[in-house]
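# Structural overview for review
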Amino acid sequence: MVERPLNVLVPFASPLTRSTSKGAADSGLYNFIWDDAYNVGSCYFTNGQRDMLAYVDKCKARGDVDIVLSMTEPATVVHAALVQEFPHLRGPSVESVFLCMNKYYTQKVLDPDPIPHEGLDLDSPHLEEDAVRVAQEIGLPAIVKPASSLRSTGVKKVNTVEELLQAARDLRKFGTQVVMREVFDSSLMRHYVEKYVDLKKYPLATHNMAVVERYIQGELFTVDGCVYDGEIVHWAICDNLYFRSRPDCILGFANSSSLSCETQSRLWQAYDKVLNRMIRHGFDNQEAHLEFFLMKGGDFKLLEINACMSLTLAQLYSHCLPGGDSVRLQLDLLRGVRPTVPCPSGRYSLVGYIQTFASGKAKELVDFDAVSRVVADGLGNVRIIVDPERDIVQAGDSGNILGKVTVQGDGFEDAFEQYKTICLQLLRKPELSPWE
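The structure reproduced in this document is the subject of the present report. (Residues numbered from 1 in each chain as written. Predicted model: local features only at pLDDT ≥ 70, side-chain atom pairs only at ≥ 80, totals over all residues. Heavy atoms only, no water.)

## Comments concerning the pattern of salt bridges
When the charged atoms of two side chains lie near each other, side chains of opposite charge can form a pair. Scanning all chains against the criterion turns up 23 salt bridges. One salt bridge connects K60 with D57, and the closest N-O pair in it is separated by 3.8 Å. With K60 and D57 both in helix α3 (residues 52–60) and three residues apart, this pair spans about one turn of that helix. Residue class for K60 comes out partly exposed when judged on its relative accessible area of 25%. Residues K363 and E389 are paired through a salt bridge, measuring 2.7 Å at the closest nitrogen-oxygen approach. Taken as a pair, K363 in helix α13 (residues 362–365) and E389 in the loop between β17 (381–384) and β18 (391–392) lie far apart in primary sequence, 26 residues in all. With relative accessibility at 38%, the residue K363 sits in the partly exposed group. (Salt bridge = Lys/Arg side-chain N within 4 Å of Asp/Glu carboxyl O. Helix = DSSP H or I, 4+ residues; strand = E, 2+ residues; numbered from the N terminus. Buried < 20%, exposed > 50% of the residue type's maximum accessible area, 1.4 Å probe, protein only.)

So this is what it looks like as structure tokens:
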């Protein structure tokens, strides 16, 4: 008897999740079920408003699903709910995913040594007084960020109480706009949280929160691994790269890391401390993508947790780690197969974001036709992550990401010049992007 392919549900599917999964989809082992929630006509939108619980209910009605593959943070929220509803599914608990997603509770529960911080209720009638109090307690300058968001959306450095208050008002405004789908505002998550999260344990879970952190300086590094049946598995460490001219704007990531073996060992220890806390709250059979500051004194400080693979680094790993297919790793976890850890090739690889500080339709900012020419010429691997008609709206100091470029080179300078050359061919308004 020939076994049938396993049915794999992919919530919040997109062209990027499809292309990243191509190797697994072509293997014959799986039948991928792609579900795109971002169309306004889908049940993710209820009366024009986004509703995560409605989308979970839609996925529950899918029927015969063997695996839920969560490749993004919104998908992980759905995945965890389905694991709770259907005992045969493997993956993380709702509580563990919520604690990773909500940066306020990440620092309260999962971080063993958090950066000094305070929460700010964006819907409070006393927002101005609260902002003054938080500024006094944390000190300025500070970093303001939405409690739940993707990438660096809405993150802003503030130097005065007035700037802090304006940043909070901006987050309150942007969080309610459908175009800012990277922000998990309270209206999106309210019904989901009320059903699945213990509000006695986490009373601020339904509030529209921002986190205000003391501004600290340090080098950033990304650590990727996973949990397999309660056991932590290490995978890779990458350098986070930033533009010299705009240090709050991320350029991308690189592997192999510049850290010494001894420092990498200490970073893995910091990673394990956080993951052990996640495991105690039900995190299992899932990849975990964490970012840490390396302080001048040598200590590590947790920046954030992503309870899923990084699609950006999946693109990088496929180039620099033989066998480094993040999707196949995750699928092994979900079907009960211990993942094989890939070995580094030693080749320097860089994945850089196609960044802009411009606003407008995506087609006005990036030359979609030039992408195929760049790839055909063998200059690098390019993926555009926005649709041509999408409205690009500025929010925060980090710009907007239109796509990603992966190149290999003889160290950073060589790889960076290749990356810059490609971006200049693709951007319609390159003068509004950082380069140095």
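From this point, the discussion proceeds with the structure in view.
## Thoughts on the layout of surface pockets
In this structure, the second largest pocket occupies an estimated 240 Å³ of space. Grouping the constituent residues of the lining of the second largest pocket by class yields six nonpolar, two polar and five charged. (1 Å grid on protein atoms, 1.4 Å probe; cavity = no way out; pocket = protein on both sides within 12 Å on 5 of 7 lines; lining within 4 Å. Points joined across faces, edges and corners; volume = space filled by probe spheres on them. Nonpolar A, V, L, I, M, F, W, Y, C, P; charged D, E, K, R; others polar.)

## Brief notes about the pairing of strand β13 (residues 286–294)
Of all nine residues that make up β13, nine are buried, and the element is covered over most of its length. Bridge count for β13 against strand β14 (residues 300–306) is six bridges, and the pairing is antiparallel. Residue L294 lies in a different strand from β14, and its bridge partner there is F300. Linking β13 to β14, which pair antiparallel, is a turn of five residues; within it G298 sits at a positive phi near 100 degrees. (Pairing = 2+ DSSP bridges.)

## A closer look at the environment of Y104
Tracing the backbone through its elements, the reader meets Y104 in helix α6 (residues 103–110). When the C-alpha positions of Y104 and H117 are compared, they lie 8.6 Å apart, and in sequence the two are 13 residues distant. In this structure Y104 touches G119, A147, L204, M209 and V211, once residues within four positions along its chain are discounted. (Contact = heavy atoms within 4.5 Å.)

## Brief notes about α3
For α3, the set of buried residues is M52, L53, Y55, V56 and C59. The buried residues of α3 occupy an angular sector of 160 degrees when projected down its axis, which confines them to one face. For α3, the capping residue at the N-terminal end is D51, with a side-chain oxygen 3.0 Å from the backbone nitrogen of L53. (Arc of directions from axis to C-beta. Polar contact = N/O pair within 3.5 Å; in protein donor to acceptor, adjacent residues only side chain to side chain.)

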